[in-house]
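# Structural overview for review
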Amino acid sequence: MLFTRTLPLSFRCFGIHQILRNKTMAGVVDSSSHARWNSDMAAFREEFAKAKHIVILTGAGVSAESGVPTFRGAGGFWRRWQAQDLATPKAFAANPSLVWEFYHYRREIMGSKDPNKAHIAIAECEERLAKQNNRRVVVVTQNIDELHRKAGTKNIIELHGSLFTVRCIECGNVKEDRNSPICPALKDRGAPDPDAQDARIPEEQLPRCTSCGGLARPHVVWFGEGLDRKVLEDTEEECMKCDLCLVVGTSSVVYPAAMYAPMIADRGVTVAEFNPEETPATGTCKYHFHGPAGEHVPKALAKHPSEPDS
């Protein structure tokens, strides 16, 4: 069951729109002043040492450091399109062959991409803290590339799904599919060159449901679609329990993910942002570490002197 992009009740009770309006936007208007950034890593590390339940929110910026294209912003094109042009139900209904070429390309390039230092630091931190008394790390990611899983992260909520699952548009059956290519007709298709010709693959040759034979689509959340209710409920629960939050490599403009950090901060919980630029959430964060995630996250999550020897 899909959940619409309205806010869950507990989020509305926190007045999230008012939080963003009063705190976030006020902090972003004067972007010329960097003096307000609190980049005190030593102070953050002391808070990290005391935290029991850490939520790490990650976005496309983390994957970009591994060379994964985001298909957004200046130069972010696949052929002549950006992600928001093809990652929609309307686009799939109009041209499923083109959309499948786009996703086939995204699936295939992941074979050459590896987790970076930030992914690895997060996974190692989760494993290390799990062996300590009542300490827990949970990753909530907008990314669909599974690099967190590849790095070893176990406690993960994938808000937007995975490149490697498909869903039947007829019966709704969902299954993992790691075949390369996902179907014979897509072999050697999906080249990103702007001059590449569309394959125009007949619908019956595109990925099909193994249960009913219907047309399958990527099981990811597209623009204009809601998130799965259970995914939202699980994320809300983690955000309500956490006593420290890291926001890593996310623009904080895509909802509902953009509301989590301000909501957590409004509870009085420390939020630390790791990003090469300011975002609409910067003003709600106690810390902002400016630069690549691979540079700052390993320092932030390294073993603290107070931690026991493993």
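A brief report on the enclosed structure follows. Keep in mind that this is a model prediction, so the values were computed, not measured.

A word on the overall build of the protein. Counting its regular elements, the protein contains 12 helices and 11 strands. Within the protein, buried positions represent 53% of all 310 residues. In the protein, the share of contacts with a sequence separation of at least 24, taken over all contacts with a separation of at least 6, comes to 73%. For the protein, the exposed area adds up to about 14300 Å²; of that, 51% sits on carbon and sulfur atoms.

With that settled, consider the sheet that holds strand β7 (residues 216–220). On the basis of which strands lie adjacent, the open sheet formed by 3 strands has the order β6-β5-β7 and antiparallel pairing. Each edge of the sheet is formed by a strand with only one pairing partner; in this case those strands are β6 (174–176) and β7. Across the sheet, the mean angle separating the axes of adjacent strands is 40° when strand polarity is ignored. Bridging between strand β5 (residues 161–168) and β7 involves 4 bridges; their strand directions are antiparallel.

Ranked by size, the top nonpolar core spans 32 residues in total, and within it Trp-78, Trp-100, Phe-102, Tyr-103 and Trp-222 carry the most contacts. Of all the secondary-structure elements, those providing two or more residues to this core are α5 (83–86), α6 (89–94), α7 (96–109), β5 and β7. Ranked by the residues each element gives to this core, the list is headed by α7, at 7 residues. Non-local contacts of Trp-100, meaning those with residues more than four positions away in its chain, are made with Phe-92, Arg-107, Val-166, Ile-182, Leu-186, Leu-206, Pro-207, Ala-216, Arg-217 and Pro-218. With 26 residues, the next largest nonpolar core counts Cys-125, Leu-129, Tyr-287 and Val-297 among its residues.

Once that is clear, we can look at the pairing of strand β3 (residues 136–141). The two faces of the sheet receive side chains in turn, since in a regular strand these alternate between them. Of all the 6 residues making up β3, 5 are buried; the element is thus mostly covered by neighbouring parts of the structure. Note that strand β2 (residues 53–58) and β3 share 6 bridges and pair parallel. Paired with Leu-57 across the two strands is Val-140, which belongs to β3. As judged from the 3 bridges shared by β3 and strand β4 (residues 156–158), these two strands associate in the parallel manner. Residue pairing for β4: Val-139 is matched across the bridge by Ile-156.

The next subject is unusual backbone geometry. A cis amide bond, omega 0°, links Ser-180 with the succeeding residue Pro-181. Tyr-255 connects to Pro-256 through a cis peptide bond whose omega is 10°. Tracing the chain through its elements places Pro-256 in the loop between β9 (244–248) and α11 (260–266). Positive phi is not limited to glycine here, since Asn-134 has a value of about 55°. Following the sequence through the fold, Asn-134 ends up in the loop between α8 (117–130) and β3.

The strand order β4-β3-β2-β9-β10-β11 describes an open sheet built from 6 strands, whose pairing is parallel. Whereas interior strands pair on both sides, the edge strands pair on one side only; in this sheet they are β4 and β11 (287–290). Direction aside, neighbouring strands of the sheet carry axes that sit 15° apart on average. Alignment of strand β10 (residues 271–275) against β11, held across 4 bridges, turns out to be parallel. The partner of Glu-273 across the bridge, within β11, is His-288. Strands β2 and β3 of the sheet are contacted by α8, whose axis makes an angle of about 150° with β3.

The next point concerns the environment of Pro-207. Of note, Pro-207 is situated in the loop between β6 and β7. Sequence separation between Pro-207 and Cys-183 is 24 residues; the distance between their C-alpha atoms is 5.8 Å.

Applying the stated criterion across every chain, the model contains 14 salt bridges. Residues Lys-150 and Asp-114 are paired through a salt bridge, measuring 3.3 Å at the closest nitrogen-oxygen approach. Of this pair, Lys-150 sits in helix α9 (residues 147–151) while Asp-114 sits in the loop between α7 and α8, placing them 36 residues apart in sequence. Judged by relative accessible area, which is 45%, Lys-150 ranks as partly exposed. A cluster of three or more residues bridged by salt bridges with shared partners is formed by Arg-79, Glu-101 and Asp-198.

Moving on, we get to the state of the cysteines. Going through the model one piece at a time under the given rule, you end up with 0 disulfides. No disulfide involves Cys-171; its sulfur sits 3.7 Å from the nearest other cysteine sulfur, which is in Cys-209. Residue classification places Cys-171 among the partly exposed positions, given a relative accessible area of 41%.

Our focus in this paragraph is helix α3 (residues 41–50). Every buried residue of α3 is listed here: Met-41, Phe-44, Arg-45, Phe-48 and Ala-49. Seen end-on, α3 carries its buried residues on one side only, within an arc spanning 140°. Tucked into the core, α3 has its buried residues touching β2, α8, β9, β10, β11 and α12 (293–301).

Reading the values: the criteria
Residues numbered from 1 in each chain as written. Predicted model: local features only at pLDDT ≥ 70, side-chain atom pairs only at ≥ 80, totals over all residues. Heavy atoms only, no water. Helix = DSSP H or I, 4+ residues; strand = E, 2+ residues; numbered from the N terminus. Buried < 20%, exposed > 50% of the residue type's maximum accessible area, 1.4 Å probe, protein only. Contact = heavy atoms within 4.5 Å. Areas by Shrake-Rupley, 256 points an atom, 1.4 Å probe, with all protein chains shown as cover. Pairing = 2+ DSSP bridges. Axes fitted to C-alpha atoms, helices over the stretch in contact; angles between N-to-C directions. Core = buried A, V, L, I, M, F, W, Y, C linked by side-chain atoms within 4.5 Å. Salt bridge = Lys/Arg side-chain N within 4 Å of Asp/Glu carboxyl O. Disulfide = S-S within 2.5 Å. Arc of directions from axis to C-beta.

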